[in-house]
Amino acid sequence: MKISSNSKYADLLENLYYYLQRTYRSEYFYKNALINKLLLGTYSLNTTTVLNEFKIGTSIADFVLLNGEARIYEIKTDLDSLDKLEKQILDYSQFGNKIYIVASHNHIEKLSEIYADSPVGLIEFTQRDTLSTVKEADSYSGNFDHTCIFKALRKHEYLEIIQECYGAIPDVPNTLIFRECLRLAKQLDICQFQKMAFEKLKARKLRSPQLLLDSRTPYELKHICYTMDLSTDEYDNLYKFLNKELAHVSSLPQR
Amino acid sequence: MYLPYLRGKQYELIALRELCDTMAANREKISPIIEPVKDSSTFKSCIDCLAQQNINFTVIINPSVGDLKDSHEHTKTIIGHLSRLPANFNNWQLGVLIDSNFNFLQISQQVLDLGFEGKKFTLIHNVIRRDIENILTRFNSGDHVEFNVINYTHINDRRRYHRKFARDTIVSLDDFFLSQPRNADYRQVGESEFSEEHVFYREDGFRGFSDFLTIGEPYSDGGFLPYAVAIHITYEDNEGVIRVKHFTSISNEDASDVGGKFAEALEELINWCDEGHVLETKAVEEFRSLHTSGHFPGLGVIKKLSIMHHIELILNLIET
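Residues numbered from 1 in each chain as written. Chains lettered and ligands numbered in written order. Predicted model: local features only at pLDDT ≥ 70, side-chain atom pairs only at ≥ 80, totals over all residues. Heavy atoms only, no water.

S.K.: Just to check I follow, could you spell out the sheet that holds strand β3 (residues 57-60) of chain B for this structure?
M.R.: Picture the strands of a sheet paired through backbone hydrogen bonds; they go either parallel or antiparallel. All names here are of chain B. Overall, parallel pairing links the eight strands, which are arranged β1-β2-β3-β4-β5-β6-β7-β9 in an open sheet. Two strands bound the open sheet, and with one partner strand each, they are β1 (5-8) and β9 (208-211). This sheet shows a mean twist of 25° between the axes of neighbouring strands, independent of strand direction. One ladder, built from four bridges, connects β3 with strand β4 (residues 92-98); its direction is parallel. Opposite threonine 58, over in β4, you have glutamine 93 as the bridge partner. Contacting β2 (33-36), β3 and β4, helix α4 (residues 72-83) runs over the sheet at an angle of about 150° to β3. (Pairing = 2+ DSSP bridges. Helix = DSSP H or I, 4+ residues; strand = E, 2+ residues; numbered from the N terminus. Axes fitted to C-alpha atoms, helices over the stretch in contact; angles between N-to-C directions. Contact = heavy atoms within 4.5 Å.)

This is how it looks when you write it as structure tokens:
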């Protein structure tokens, strides 16, 4: 599509997106595909929560999808090396049931060999912007780790779990509360604890989920809108901006 | 005289507010310099507090860092707050940073426009200006400039530049705090030398001395949760040199449990205080009570106490 002076910002953005997708396939395109195709396509916002840049152990997961299971996605674009991958997978397996590597065609063959006999799943992000499952992930709980799961929680989340399991919160000063709760959490059955932590994380909700789904929120921006967790007002401003004609560019205040 | 140089962030300002009584008891020895970085109610309450206790201070009207930098609108805002100080209280200076892009015509005009004619100034010299005589004339030279603060971190010429200024106005400013890239690094460092200005400043021909306390000159807006908690405490060693001890948490592998890490660092601090190395300041007293209660007051309070401790230590070590 050609951009002319009566085109809208939405058109410009769409053009830029597809131009960049062809020329510089960064992580954003992978994440945006995951959000669009998994959260908004396959699963439902009512039963599923996505965590972005989520810290697990010393790694940061690109994409975590929580519904019946904790699925963790690690993205490897053509711009990434596979150096840290082994450590990342190990970290994620301390909390997630299923781990997927989402990679470009270039990485897939090598990854298929490395992970042939492991529970790790493989998804190819194709040139046509689709996600094609090369290998399904198996559910695995053998590496679940109390400390790792505990540290993924916010304070009110772990306090609720301790309250639910023990009927009370330890009466200690706030320099000791973390350690005391961790000590108590370690006495819980690991699978039970992972399940409870998982439910707490699932309860982290968006401010305006219906607007993320709304067709006025363009495909290209779904991931960033999700990450920034826009409010209703912020969505309104975004829609106004996207609908503005480019002809107004010259009347914008100069910096 | 000691002129602690503070960026007007929340806990720096609270530190000054909470030290008002201590400073009032040492009026001849102290004159804080505040570089406002936010238009906050804490800033207003802080200068009100200093005014009530008749403590001399300087407020910089052209800050170089933070939300209020680089704009004449911001200068106006700052001056607006200062103009609301009690009319009969004149024991303070307008602070002006003199750096390479300094426009003294504009600044002095702004000050005049807002009715501060005849007001006293503190000039903070961050660069060597070839036109310095000109600038000084503009500020009405000797009479109206109370302090010429020379920032020796940027002006290396310790011998000559200060000859440009009236002797009884010159103050040295240095950044003595050796900051580490990460808090966890202080654990290896353990302690470092700070300064001996309090011993030599007069001999060296200065009316007073200034430093960036245990914060350091580089400015940051603060942000991420640290992997380690460090408490910086200054003390005078047997040779009369001020040194800074860094009490640092031990379990620093991730950003979790900041409260527990504080307890680790505090434990080492209190053990060391019990060995009698330290001046038992108001801040140390508060650290002791946190140790007893096991309460973690937040990272801002740790910084506040470190600053308060340093100011009280210096006040204790100097005559006037």
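On we go.
S.K.: I'm lost on the layout of surface pockets in this one. Help?
M.R.: What the largest pocket holds in volume is close to 1,300 Å³. Lining the largest pocket are 45 residues, and of these B:Lys9, B:Asn183, B:Ser220, B:Gly222 and B:Lys303 sit closest to its centre. For the lining of the largest pocket, the secondary structure elements donating two or more residues are β1, α1 (10-18), β10 (230-236) and α12 (299-317) of chain B. No other element matches the five residues that α12(B) contributes to the lining of the largest pocket. Taken together, the residues of the lining of the largest pocket break down into 22 nonpolar, 16 polar and seven charged. Contributing to the lining of the second largest pocket are 38 residues, with A:Phe54, A:Lys55, A:Lys151, A:Ala152 and A:Arg204 lying nearest its centre. Mapped by element, the contributors of at least two residues to the lining of the second largest pocket are β1 (49-56), α5 (146-151), α6 (155-166) and α10 (222-228) of chain A. Sorting elements by how many residues they give to the lining of the second largest pocket places β1(A) first, with eight residues. Partitioning the lining of the second largest pocket into residue classes produces 18 nonpolar, eight polar and twelve charged. (1 Å grid on protein atoms, 1.4 Å probe; cavity = no way out; pocket = protein on both sides within 12 Å on 5 of 7 lines; lining within 4 Å. Points joined across faces, edges and corners; volume = space filled by probe spheres on them. Nonpolar A, V, L, I, M, F, W, Y, C, P; charged D, E, K, R; others polar.)

S.K.: What is the right way to read the environment of A:Cys148 from this model?
M.R.: All names here are of chain A. Residue placement: cysteine 148 occurs in helix α5. The class for cysteine 148 is buried, based on a relative accessible area of 7%. Cysteine 148 sits 32 residues away from glutamate 180 along the chain, and the two C-alpha atoms are 15 Å apart. The residues touching cysteine 148, leaving out its near neighbours within four places in the chain, are Ile56, Gly57, Asp91 and Gln94. (Buried < 20%, exposed > 50% of the residue type's maximum accessible area, 1.4 Å probe, protein only.)

S.K.: Explain the packing of α6(A) against helix α7 (residues 177-186) of chain A here, please?
M.R.: Two quantities define a packed helix pair, namely the angle between the axes and the distance from one axis to the other. All names here are of chain A. Interaxial distance between α6 and α7 falls to 10 Å at its minimum, and their mutual angle equals 45°. Here α7 runs oblique to α6, going by the angle between their axes. Between α6 and α7 the crossing geometry is left-handed. Contacts from Lys155, Tyr158, Leu159, Ile162 and Tyr166 in α6 reach Ile177, Phe178, Cys181, Leu184 and Ala185 in α7. Grouping the amino acids of the contact of α6 with α7 by side-chain chemistry returns nine nonpolar, no polar and one charged. (Parallel < 35°, antiparallel > 145°, perpendicular 65-115°, else oblique. Left-handed = near helix turned anticlockwise from the far one by under 90°.)

S.K.: In this structure, what is going on with the confidence of the model for chain B? I would like to understand it.
M.R.: Segments scoring low in pLDDT should not have their predicted coordinates read at a detailed level. Of the residues in chain B, 98% reach a pLDDT of 70 or more, and the chain-wide mean stands at 91. Scoring the predicted complex yields pTM 0.84 and, for the interface, ipTM 0.78. (pLDDT = per-residue confidence, 0-100.)

S.K.: Can you help me understand the interface of chain B and chain A in this one?
M.R.: Interface size is often expressed as the accessible area that is lost when the parts come together. On the chain A side, the residues contacting the 16 residues of chain B number eight residues. Taken over both partners, the interface formed by chain B and chain A buries close to 930 Å², and the fraction arising from carbon and sulfur atoms is 42%. Together, B:Ser256, B:Asp257 and B:Gly294 form the three largest contributors to the area buried by chain B at its contact with chain A, with a combined 41%. Viewed at the interface, chain A and chain B are joined by four salt bridges. A salt bridge links A:Lys151 to B:Asp254; its shortest N-O distance comes to 2.6 Å. (Buried area = accessible area lost by both parts, 1.4 Å probe. Salt bridge = Lys/Arg side-chain N within 4 Å of Asp/Glu carboxyl O.)

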